[in-house]
Amino acid sequence: MTTAPADVEKTITEFLNRVDKMPPSLTADLALYADGIGLDSLETAELSAILEDEHGTDPFNDGEMPETVGDILAFYAASA
Amino acid sequence: MSAVPDSTQRVVIVTGGSRGLGAGIVRSYLDSGDLVATCARSITPEVEAWMADPETADRFLWAPADLSKVEDADAFVKAVVEKWKRIDVLINNAGVARDGIHSLFSDDDIDTVVDLNIKGTLYVSRAVSRRMLARRSGSIVNISSIVGLSGYRGLATYSATKAALDGLTRALARELGSRGIVVNGIAPGYLRTEMSHGLDEDQLNQIVRRTPAGRLGDPEDIARVCQFLTGPGNSYLTGQVIVVDGGLTS
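The model shown is predicted, which means the values in this text are computed figures rather than measured ones.

Enquirer: So what's going on with the overall build of chain A? Which residues, and what values?
Expert: Within chain A, the regular secondary structure consists of three helices and zero strands. Tracing chain A from N to C terminus, the helices and strands come up as α-α-α. Over its C-alpha atoms chain A spans a radius of gyration of 11 Å, differing by no more than 12% from the 12 Å that the globule rule assigns to 80 residues. In terms of overall dimensions, chain A has a C-alpha envelope of 30 × 25 × 20 Å along the principal axes. Taken over 80 residues, chain A has a buried fraction of 42%.

Laid out in structure tokens, this is it:
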């Protein structure tokens, strides 16, 4: 899969449905952790692995942890 | 060339599978029809035979790697995923032993044993568990040793690293259990392999006399337990270290 925003969003959406944490709408400013989607540490590791599998790279292993959905999209946009 | 494996074939990584116990485990998974990848620092006649045999060549991947280096560990796991798309089973077997009274043990020997036995295992487990998490399935077996439980004179560093693997087994089982990944350890007793070469003939004979089974272990004894722990029927036995020593420590 490419690193185009639509493809990355599709990966995130499929993952959130899998862990039953899909919000009513997926917006860029939505926080990934406690005050937003509520991913725990294991779910974060799963998302990290799935993003790497699907898109070849992974923002969580790049030194700075993404805080929002927008941070993930920005990582792929910057590396495109 | 990359290929998607048959759904009945497991993709198996056995670290340190070029000789001794590791080679016995590789052979067992090749015999059960699986796709097997292994690595070690140097190639051996066993590895060359598997690469040349038409029966195994397409199901066997070899790569030279020093797993105490994180870049080698990551590159090896990546090569397996690129070839076969997934990893179903990881057998953390790579290890090294140095013997000597601890108060005289060199810095180099401590580093060599700790770097491969602990850090190498952590590097490979991290890379592989990411792939297993993404698929929500997998089996990991850490090969430790009864000396990690009982200790052995002259093997302080090695014993410490094997006890560390038992801790890793329990922690990873707790961490990954909810995602369908089982993690166990096997603590072999004394085997008839190169790793027993630090023991002299008198010591080995003494061990045989004290062993209820009346013999040293063979790699096949350990491989059978690996197959059981990583078989499709096992989804409930996790976080355990199984002692396979002919009854020596019973």
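From this point, the discussion proceeds with the structure in view.
Enquirer: Tell me about the interface of chain B and chain A, residues and numbers included.
Expert: Each partner contributes residues to the interface: chain B has nine residues there, and chain A has 13 residues. Summed over both sides, the interface of chain B with chain A buries roughly 940 Å², with 44% coming from carbon and sulfur. Here chain B and chain A share six salt bridges between them. There are seven residue pairs in polar contact (both at pLDDT 80 or more) connecting chain B and chain A.

Procedures and definitions
Residues numbered from 1 in each chain as written. Chains lettered and ligands numbered in written order. Predicted model: local features only at pLDDT ≥ 70, side-chain atom pairs only at ≥ 80, totals over all residues. Heavy atoms only, no water. Helix = DSSP H or I, 4+ residues; strand = E, 2+ residues; numbered from the N terminus. Rg over C-alpha atoms; globule rule 2.2 N^0.38 Å. Buried < 20%, exposed > 50% of the residue type's maximum accessible area, 1.4 Å probe, protein only. Contact = heavy atoms within 4.5 Å. Buried area = accessible area lost by both parts, 1.4 Å probe. Salt bridge = Lys/Arg side-chain N within 4 Å of Asp/Glu carboxyl O. Polar contact = N/O pair within 3.5 Å; in protein donor to acceptor, adjacent residues only side chain to side chain.

By themselves these figures say nothing about function.
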